[in-house]
Amino acid sequence: MPASALTRRHVLLAAAGAAAAPLLLPKRALAAAPLALPPLPYAENALDPVISATTVSFHYGKHHRAYFDNLNKLIAGTPLADQGLEQIIRSTAGASDKTAVFNNAAQAWNHSFYWNSMRPGGGGKPGRELGERIDKDFGGFDAFRKELAGAATSQFGSGWAWLVVADGKLKVVKTGNADNPMTQGMKPLLTIDVWEHAYYLDYQNRRADYVNAVLDKLVNWDFVAQTAAA
Ligand code: MN
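Just so you know, the residues in each chain are numbered from 1, in the order the chain's sequence is written. With the structure being a predicted model, the display of local features is reserved for residues of pLDDT at least 70 and the display and counting of side-chain atom pairs for 80 or more, all residues being used for whole-chain, interface and lining totals.

Chemist: Explanation requested: the nonpolar core in the structure shown.
Modeler: Nonpolar side chains in soluble globular proteins tend to end up buried together. Formed by 30 residues in total, the largest nonpolar core has its most connected members in Leu 148, Ala 152, Ala 161, Trp 162, Leu 163, Ile 192 and Val 214. Runs of H or I in DSSP of at least four residues are treated as helices and runs of E of at least two as strands, each being numbered from the N terminus. Elements with a minimum of two residues in this core: α5 (128-138), α6 (141-154), β1 (159-166), β3 (187-193) and α8 (207-217). Counting residues per element, this core draws most heavily on β1, at five residues. Not counting residues up to four positions away in its chain, the partners in contact with Ala 161 are Leu 148, Ala 151, Ala 152, Gln 155, Lys 174, Thr 191, Ile 192 and Val 194. By convention in this section, buried Ala, Val, Leu, Ile, Met, Phe, Trp, Tyr and Cys residues joined through C-beta atoms within 7 Å make up a nonpolar core. To sort residues by burial, count the other C-beta atoms lying within 10 Å of each one's C-beta; a count of 20 or more means buried, 12 or fewer means exposed, and anything in between means partly exposed. C-beta atoms are built from the backbone. Val 101, Ala 108, Trp 109 and Ala 178 belong to the second largest nonpolar core, which has 15 residues in total. We call two residues in contact when their backbone-placed C-beta atoms lie within 7 Å.

Right under this line is the structure:
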């Protein structure tokens, strides 16, 4: 084979390789990409004075970030690294050898959902369509509000209070620690974090004051309605 032919063949192979590489690399890169902490949907001081910038700074910047960092370390190099966050939560729920993965994955998801459940200038009552569903399933907004506030204040220790859809009906539930109602076939629509780190800097032991302030001044009913409709 003449030297010039070899060279030409190598050039062609190199060109083919160069063209093929971008098709292969992103797939591997995506599969192995760490799960990313989503940006806060508003500025750290946007919920002040109901939830102070200091609380949000620690809660989002330290706690929430740590759940993502821990999760990425735990799943690196395992088949779970190829799964999405909700997939990881569903596939590790109740698995006694995957408790740490589940806890960090669920906390990563729960906090993103919590930030979206609030907005500056929120609270009050939902729009008509969701309001009618609440009237139908709880017998009125006040009864719903009382049930959600009750779940949030009565959760013993760390956990979450939720508005969910269960068997086609709206329902209030509470979960302990990192647990998420999606693992029991329910669809979360709204959550309130009742871990002490969510309110202690602003309200100390007065969890009920924090819960009432969130309900009255921060709930993002547009997000809840969109999630219900999705
Ligand atoms: Mn929290």
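Here the narrative resumes.
Chemist: Is there a simple way to think about unusual backbone geometry in this case?
Modeler: Excluding glycine, a negative phi dihedral is what most residues carry, and trans is how most peptide bonds are arranged. Cis geometry is adopted by the peptide bond preceding Pro 49, which originates at Asp 48 and carries an omega value of 5°. With respect to the secondary-structure elements, Pro 49 resides in the loop between α1 (3-32) and α2 (53-75). Not every positive phi belongs to a glycine, and Asn 177 is a case in point at roughly 50°. Assignment of secondary structure puts Asn 177 in the loop between β2 (169-176) and β3. In this model, Gln 204 sits at a positive phi of 50°, which is unusual for a non-glycine residue. Tracing the chain through its elements places Gln 204 in the loop between α7 (200-203) and α8.

Remember that the coordinates give geometry; whether it matters functionally is a separate question.
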